[in-house]
Amino acid sequence: MEKPAVNPQMAILRDRGEIVFGTVVSLIVTLGTIVAIFNLFLHVAVVVSCIWLALMTLIFWNTCRQEGGYRKVIVNILGFFARKHFVDIVPSNEVRFGFQLFSHRFLYQNVPLGKIDSVGWSPGQNPAFWHVSLWFDHDNPQTSAAKRKWNLKKPDQDVYCFGPSRRKEKIESFGLDFVAFLLRNGVMLVRRDDCTFVRQQPDL
């Protein structure tokens, strides 16, 4: 958690439907867990309550392992309720993605500007809805080896998807705004095709 600072910043598109969906899911999980705990104390529906608590514990543990710890999971959950999401650039030459809630800023992801490989937009599982992606060097030989073992795309890079999933026209406009934001702040990108900007290679 960090206090607000004055840095180059742009707003990230936020869908009201995402806020509603996140709120509903959070309420279901929270109320279900509270009811299950009370049932155990009252010795009512013990088997069902144990199954529910075991399932929630397993989901939370797996999510923490994938996301890199419980703090990041909690930040991700809080992000569902925040209307103001942003991307900014700090003097340490990092681009940061986060949100503001209760007058504080919380960060999802930070990437050194020099590690950015490409920015693009493409359809997700539903071809009607597109999203913006940022690819960046992770500088982790073990991760690269594991990705090569599974024949994954770009083994030397990680990808961070941000913003909502919308139709191509709106996402393309948002993606171009983000690329312009990076260009204004010293990131050298060149257009590879209609949907992708890549890191400009230094002249030899």
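Since the model is a prediction, treat every value here as computed from it, not as a measurement.

> Sorry, what's going on with the sheet that holds strand β7 (residues 157-166) here?
Two orientations exist for strands paired in a sheet by backbone hydrogen bonds: parallel and antiparallel. Judged by pairing direction, the sheet is antiparallel, and its five strands sit side by side in the order β7-β6-β5-β9-β8 without closing on themselves. Only two strands of the sheet have a single partner each, and these edge strands are β7 and β8 (189-193). Across this sheet, the average inter-strand angle for adjacent strands is 25 degrees, counted without regard to direction. Bridge count between strand β6 (residues 130-137) and β7: seven bridges; the pairing is antiparallel. When the bridges of β7 are listed, F136 appears paired with D158. Sheet strands in contact with helix α5 (residues 168-184) are β5 (116-123), β6, β7, β8 and β9 (196-199), and its direction is about 170 degrees off that of β5.

> What is the right way to look at the layout of surface pockets in this model?
Take a probe with the size of a water molecule and roll it over the atoms, and the empty space left behind shows itself. Estimates place the volume of the largest pocket at around 1,200 Å³. Around the largest pocket, the lining comprises 36 residues; the ones closest to its centre are E67, V73, N76, I77 and F80. Those elements that provide at least two residues to the lining of the largest pocket are α1 (16-42), α2 (46-67), α3 (70-79), β3 (94-101), β4 (104-112) and β7. Counting residues per element, the lining of the largest pocket draws most heavily on α1, which supplies eight residues. Taken together, the residues that form the lining of the largest pocket break down as 18 nonpolar, 14 polar and four charged. Considering only enclosed or pocket space, the second largest pocket measures out at about 160 Å³ in volume. Lining the second largest pocket are 13 residues, and of these G120, W121, W135, K153 and T196 sit closest to its centre. The set of elements that each furnish at least two residues to the lining of the second largest pocket consists of β5 and β6. A per-class count over the lining of the second largest pocket returns four nonpolar, six polar and three charged.

> What is the right way to read α1 from this model?
Because an α-helix completes one turn every 3.6 residues, residues spaced three or four positions apart along the sequence face the same direction. With 27 residues, α1 should reach 39 Å at 1.5 Å per residue; the first-to-last C-alpha distance of 39 Å fits that figure. Turning to α1, its buried residues are I19, G22, S26, A36 and N39. The inward-facing, buried residues of α1 abut α2 and α3. Taken from the residues just after α1, H43 is the one with a positive phi, measuring 60 degrees.

> How should I be thinking about the confidence of the model for the protein in this particular structure?
The predicted coordinates ought not to be read in detail in places where the model reports low pLDDT. Confidence in the prediction for the protein averages 88 pLDDT; 96% of positions are at 70 or higher. A low-confidence stretch, residues 1-5 stays under pLDDT 50, and its non-local contacts, those more than four residues away or across chains, total 11 contacts.

> Can you walk me through the pairing of β5 in this structure?
Each regular strand carries side chains that alternate between the two faces of the sheet. In terms of burial, β5 is largely enclosed, as six of its eight residues are buried. Pairing analysis gives seven bridges linking β5 to β6, with the strands arranged antiparallel. In the strand pairing of β6, S118 is matched with W135.

> What should I look at first to understand the pattern of salt bridges in this one?
Side chains carrying opposite charge are able to pair once their charged atoms draw close together. Counted by the stated rule, this structure contains nine salt bridges. Here D88 makes a salt bridge to R96, at a shortest N to O gap of 2.9 Å. With relative accessibility at 0%, the residue D88 sits in the buried group. What makes R96 buried here is its relative accessible area of 8%. Within the structure, one salt-bridge network assembled from shared partners comprises D117, D137, K154 and R199.

Definitions and limits used
- Residues numbered from 1 in each chain as written.
- Predicted model: local features only at pLDDT ≥ 70, side-chain atom pairs only at ≥ 80, totals over all residues.
- Heavy atoms only, no water.
- Pairing = 2+ DSSP bridges.
- Helix = DSSP H or I, 4+ residues; strand = E, 2+ residues; numbered from the N terminus.
- Axes fitted to C-alpha atoms, helices over the stretch in contact; angles between N-to-C directions.
- Contact = heavy atoms within 4.5 Å.
- 1 Å grid on protein atoms, 1.4 Å probe; cavity = no way out; pocket = protein on both sides within 12 Å on 5 of 7 lines; lining within 4 Å.
- Points joined across faces, edges and corners; volume = space filled by probe spheres on them.
- Nonpolar A, V, L, I, M, F, W, Y, C, P; charged D, E, K, R; others polar.
- Expected span 1.5 Å × (residues − 1).
- Buried < 20%, exposed > 50% of the residue type's maximum accessible area, 1.4 Å probe, protein only.
- pLDDT = per-residue confidence, 0-100.
- Salt bridge = Lys/Arg side-chain N within 4 Å of Asp/Glu carboxyl O.

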